[in-house]
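# Descriptive structure summary
Here is what each chain is made of, one letter per residue.
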Amino acid sequence: MKKLIIQKIFTALVGAALLALALGMAPTAYSAIILPTTYRGYVQDNGSGDGANAQNNFLAIQGTYNNWFGFDLSSQAASTITGAKLYLYNLSAALDGYDGVSGSGTYTIYDVSPATATSLNSGSSNPGVSAFTDLGSGTSYGSTGYSTADNGNYMVIDLNASGLSDLQSAWGTGFFNMGGAITGTGYVFGYSAFTLPSQTYLEITGAPAAVPEPGTWAAAALLVGGASFLRWCKRRV
């Protein structure tokens, strides 16, 4: 009879401990990470640019100006990225004194070759015609339409699978760069030297690794203690 009671008590202890372990190892809530651009700018079709600065003009005009953005990810902790959005603000004459958009069309972001990224991040004011071409071609990371309705608003681009994969590869190791170009009339991001660094950013969501909470260690101790208790009781029966 005593043995049966002891076994029931131990079974209950093990069940409670396993439940606590499961709850304790669940991933903690994850808030989106907001990363303002480290550098941004443009490159003209003649190969000249405006260097690397957090508040450079990043004007885009078809065939004449392509733009770019650089994010320093070297200090980011390990994480599995599940989504990312690029937010780019357009000025408004009513709010800021200038309109950021004229005309309509499509704005697309692309990958950037390592050579071009190195040149841009170093602050070169003449990265070359090849850099201009690079910023408006290659693997697309996503796109969005533009029109004058975007004045005074953010243009938001969801990074596709290719963009997320390259972002993940750069996470915690170095820079992640993107180029941008328009297909259409007019321009986007005009007068953007007046756009604050905090108004050009990545919003990143992910799934962090599970980290044991204090209750998890208590549950583990409960399992060990329960096993010791059962051995002691068996000697007493």
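Residue indices follow the written sequence of each chain, beginning from 1 at its first position. Confidence filtering applies because this is a predicted model: local features only for residues at pLDDT of at least 70, side-chain atom pairs given and counted only at 80 or more, and all residues used for totals across whole chains, interfaces and linings. Water and hydrogen atoms play no part in the side-chain values, which are based on all heavy atoms of the structure.

## Considerations on unusual backbone geometry
Even without a glycine there, the phi angle at F189 is positive, about 60°. Secondary structure elements follow DSSP: runs of H or I of four or more residues count as helices, runs of E of two or more count as strands, with numbering from the N terminus. With respect to the helices and strands, F189 occurs in the loop between β8 (175–184) and β9 (200–207). Even without being glycine, Y191 reaches a positive phi, approximately 60°. Along the chain, the position of Y191 falls in the loop between β8 and β9.

## As for the environment of I34
Counting through the fold element by element, I34 comes out in strand β1 (residues 33–36). Relative accessibility thresholds used throughout: buried, under 20% of the residue-type maximum; exposed, over 50%; partly exposed, between the two (1.4 Å probe, protein chains only). By relative accessible area, which is 46% here, I34 ends up partly exposed. Along the sequence, I34 and I204 sit 170 residues apart, while their C-alpha atoms lie 6.5 Å from each other. With near-sequence residues (within four places) excluded, I34 lies in contact with Y201, L202 and E203. By definition in these notes, contact holds between two residues if any of their heavy atoms fall within 4.5 Å.

## Things to note about the pairing of strand β5 (residues 105–110)
Between any two strands, pairing holds if DSSP finds at least two bridges. Examined bridge by bridge, β5 and strand β6 (residues 140–146) share six bridges and lie antiparallel to one another. Note on β6: the bridge partner recorded for Y110 is S140. In this structure, β5 lies alongside β8, joined through six bridges in antiparallel fashion. Counterpart to I109 in the pairing with β8 is G180.

## Remarks on a nonpolar patch on the surface
Judged by side-chain polarity, Y98, Y191 and F194 come together as a nonpolar surface patch covering roughly 320 Å² of accessible area. Here Y98 is to be found in the loop between α2 (93–96) and β5. For Y98, a relative accessible area of 32% corresponds to the partly exposed category. Only residues above 30% relative accessible area that lack a salt bridge enter a patch, with like-charged residues linked at up to 9 Å and the nonpolar side chains Val, Leu, Ile, Met, Phe, Trp and Tyr linked at up to 5 Å. Values of accessible area rely on a 1.4 Å probe in the Shrake-Rupley scheme; residue burial ignores everything except the protein chains shown. Any Lys or Arg side-chain nitrogen located within 4 Å of an Asp or Glu carboxyl oxygen qualifies as a salt bridge.

## Quick look at the nonpolar core
Considering soluble globular proteins, one finds that nonpolar side chains tend to be buried as a cluster. To qualify as a nonpolar core, a set must consist of buried Ala, Val, Leu, Ile, Met, Phe, Trp, Tyr and Cys residues joined through side-chain atoms within 4.5 Å. Core analysis: the biggest nonpolar cluster contains 29 residues, and F71, Y107, L159, L167, F176, M178 and L202 have the highest contact counts within it. Contributing elements (two or more residues each) for this core: β3 (65–72), β4 (80–89), β5, β6, β7 (154–158), α5 (161–170), β8 and β9. When residues of this core are assigned to their parent elements, the largest contribution, four residues, is made by β4. Residues W68, V112, A117 and L120 belong to the second largest nonpolar core, which totals seven residues.

## Focus on the environment of T38
With respect to the helices and strands, the residue T38 is situated in the loop between β1 and β2 (39–44). Residue T38 is classed as partly exposed on the basis of its relative accessible area, which comes to 25%. Taking the C-alpha atoms as reference points, T38 and N53, separated by 15 residues in sequence, lie 7.2 Å from one another. Those residues in contact with T38 that lie beyond four places of it in its chain are N53, A54, G70, F71, D72 and F175.

## Things to note about the confidence of the model for the protein chain
Across the protein chain, the average pLDDT comes to 84, with 74% of residues at 70 or higher. Looking at any residue, its pLDDT shows the predictor's confidence there, from 0 to 100. Long-range and interchain partners of residues 16–23, a stretch whose pLDDT sits below 50, account for nine contacts in this model, where long-range means more than four residues apart. This model gives residues 209–213 a pLDDT under 50, and the stretch forms nine contacts once residues within four places in sequence are excluded.

## Remarks on the sheet that holds β8
If you trace the five strands from one edge of the open sheet to the other, you get β2-β3-β8-β5-β6, paired in antiparallel fashion. Each end of this open sheet is capped by a strand with a single partner; those strands are β2 and β6. This sheet shows a mean twist of 20° between the axes of neighbouring strands, independent of strand direction. The pairing of β2 with β3 spans six bridges and is antiparallel. Residue pairing in the sheet places R40 in a bridge with F69 of β3. Packed on one face of the sheet, α5 meets β6 and β8 and runs near 155° to β8. Between N-to-C directions, angles span 0 to 180 degrees; the directions come from axes that are lines fitted to C-alpha atoms, helices contributing only their stretch in contact.

## Thoughts on the pairing of β7
Only one face of β7 is covered, namely the face carrying M155 and I157; the face carrying Y154, V156 and D158 is uncovered. By the bridge criterion, five bridges tie β4 to β7 in an arrangement that is antiparallel. From the neighbouring strand, L88 faces β7, where its bridge partner is M155.

## Concerning α5
Looking at α5, one finds that the buried residues are G163, L164, L167 and A170. The arc that holds the buried residues of α5, viewed along the axis, is 125°, so those residues lie on one side. Residues of α5 that are exposed and point over 90 degrees away from its buried face: A161 and S169. Distance and chemistry together define a polar contact, namely a pair of N or O atoms within 3.5 Å, with one atom able to donate a hydrogen and the other to accept it when in protein, and with adjacent residues in sequence counting only for side-chain atoms on both sides. You can read the cap of α5 off the contacts: a side-chain oxygen lies 3.1 Å from the backbone nitrogen of S162, and it is on N160. A positive phi of about 80° marks G172, the residue just after α5. The arc in question is traced by the directions running from the helix axis to the C-beta atoms.

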